[in-house]
Amino acid sequence: MANALVPGSFDPVTNGHMDIIRRASGLFDTVHVLVASNNAKNTLFTAEERVEMLRRLCADMNDVVVNSFEGLLVNYAQQNNITVIVKGLRFVSDFEYELQMALANHRLNSAVETVFLPTGVEYSDLSSSIVKEIARLGGAVEGLVPDIVQQRLVAKFAARTR
Ligand code: COA
């Protein structure tokens, strides 16, 4: 077996992400869930907040480690003896971008392979942005995100409107 990395912005983590993390945890020796930065995005939650939520949600999975990292995924992978990057695929449209990222990461470090897991059908319409938009407008995000994330979203948007 091998050690794997599940990277993302996780702003915030959704039930779709948790499904991928849980399934990866059954497939690999150790799974590092990595809060990484995507320069194209302004985040609602700080990296510390995202790590803290993920650590609480992954506490029951002994083989899962949660960290944040600034820099190239392949550097984190090399430093932590990781040879597999796991990404969830929702739509065919995800594939083009994900393939590009997988090829870039492989070019940077050919010892690291990317493995795609199909996102569970019940989560395939989910994204962190959609969840944030629903919560921002006062809609119910129950069932889309874990309970603690739901509470944090409500608190975040309540604080913003005060
Ligand atoms: N369930 C629900 N939503 C999912 C999902 C799933 N299984 N899988 C992906 N998504 C959503 C995410 O929430 C995200 O939503 P958003 O755009 O509304 O925030 C969207 O799909 C895209 O996800 P993803 O492709 O994982 O992007 P990301 O922004 O979360 O993460 C990084 C991108 C951080 C992994 C990427 O920028 C990165 O690798 N950065 C480090 C630098 C680096 O090494 N770059 C590569 C070399 S160029």
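As the structure is a prediction and not an experimental result, all values here were calculated from the model.

A. View of the site of the ligand. As a matter of local geometry, the ligand sits amid 25 residues, with S9, K41, L73, S128 and S129 nearest to it. One of the backbone N or O atoms of S37 is found 3.3 Å from a nitrogen atom in the ligand. At a separation of 3.2 Å, a nitrogen atom of the ligand approaches a polar side-chain atom of T119. Protein contact buries 85% of the 940 Å² of open area that the ligand shows by itself. Those elements that provide at least two residues to the shell around the ligand are β1 (3–8), α1 (15–27), α4 (92–108) and α5 (128–136). By residue number, the principal contributor to the shell around the ligand is α4, which donates four residues. The residue inventory of the shell around the ligand, partitioned by class, reads eight nonpolar, 13 polar and four charged.

B. Structural view of α5. Among the residues making up α5, those that are buried are S128, V131, K132 and A135. For α5, the buried positions fall inside an angular range of 100 degrees around the axis, keeping them on one side. Directly after α5, the chain includes G138, whose backbone phi takes a positive value near 85 degrees.

C. Just the side chain of N105, in detail. Secondary-structure assignment places N105 in helix α4. A relative accessible area of 10% places N105 in the buried class. Ignoring sequence-local partners within four residues, the contact set of N105 consists of L73, V74 and I85.

D. Layout of the nonpolar core. Counting 36 residues, the largest nonpolar core has I21, V86 and L153 as the members making the most contacts within it. Those elements giving two or more residues to this core turn out to be β1, α1, β2 (30–36), α2 (47–57), β3 (64–69), β4 (84–89), α5 and α6 (147–161). With sequence-adjacent residues up to four places away left out, I21 is seen in contact with V6, F10, V33, L54, C58, M61 and V64. Within the second largest apolar cluster, ten residues are counted, among which are L34, A36, L73 and V112.

E. Region of the structure containing unusual backbone geometry. Along the chain, D11 connects to P12 via a cis peptide bond; the corresponding omega equals 0 degrees. You can see P12 is positioned in the loop between β1 and α1. Of note in this structure, F10 is not a glycine but carries a positive phi near 50 degrees. In this structure, F10 sits in the loop between β1 and α1. The exposure class of F10 is buried, given its relative accessible area of 3%.

The rules behind the values
Residue positions within a chain follow its written sequence, with the count starting from 1. Residue-level local features of this predicted model are given only where pLDDT is at least 70; pairs of side-chain atoms are given and counted only at 80 or more, and the full residue set underlies all totals for whole chains, interfaces and linings. Only hydrogens and water are set aside when side-chain values are computed; all heavy atoms of the structure are taken into account. Any residue with a heavy atom positioned within 4 Å of a molecule or strand is treated as near that molecule or strand. As used in this structure description, the phrase polar contact means that two N or O atoms lie within 3.5 Å; if the pair is within protein, one of them must be able to donate a hydrogen and the other to accept it, and residues adjacent in sequence are counted only when both atoms belong to side chains. In this description, accessible areas are obtained by the Shrake-Rupley approach with a 1.4 Å probe, and a residue is regarded as covered only by the protein chains that are shown. The helix count covers DSSP runs of H or I at least four residues long, the strand count covers runs of E at least two residues long, and both are numbered beginning at the N terminus. Residues are grouped as follows: Ala, Val, Leu, Ile, Met, Phe, Trp, Tyr, Cys and Pro are nonpolar; Asp, Glu, Lys and Arg are charged; every other residue, Gly included, is polar. A 1.4 Å probe rolled over the protein chains alone gives each residue an accessible area, and that area as a share of the maximum for its type sets the label: buried under 20%, exposed over 50%, partly exposed in between. By arc we mean the arc of the directions from the helix axis to the C-beta atoms, nothing more. Contact between two residues is taken to exist if any of their heavy atoms lie within 4.5 Å; hydrogens are not considered. Take the buried Ala, Val, Leu, Ile, Met, Phe, Trp, Tyr and Cys residues and link them wherever side-chain atoms come within 4.5 Å; each set so joined is a nonpolar core.

Bear in mind that shape data such as this cannot, by itself, settle questions of function.
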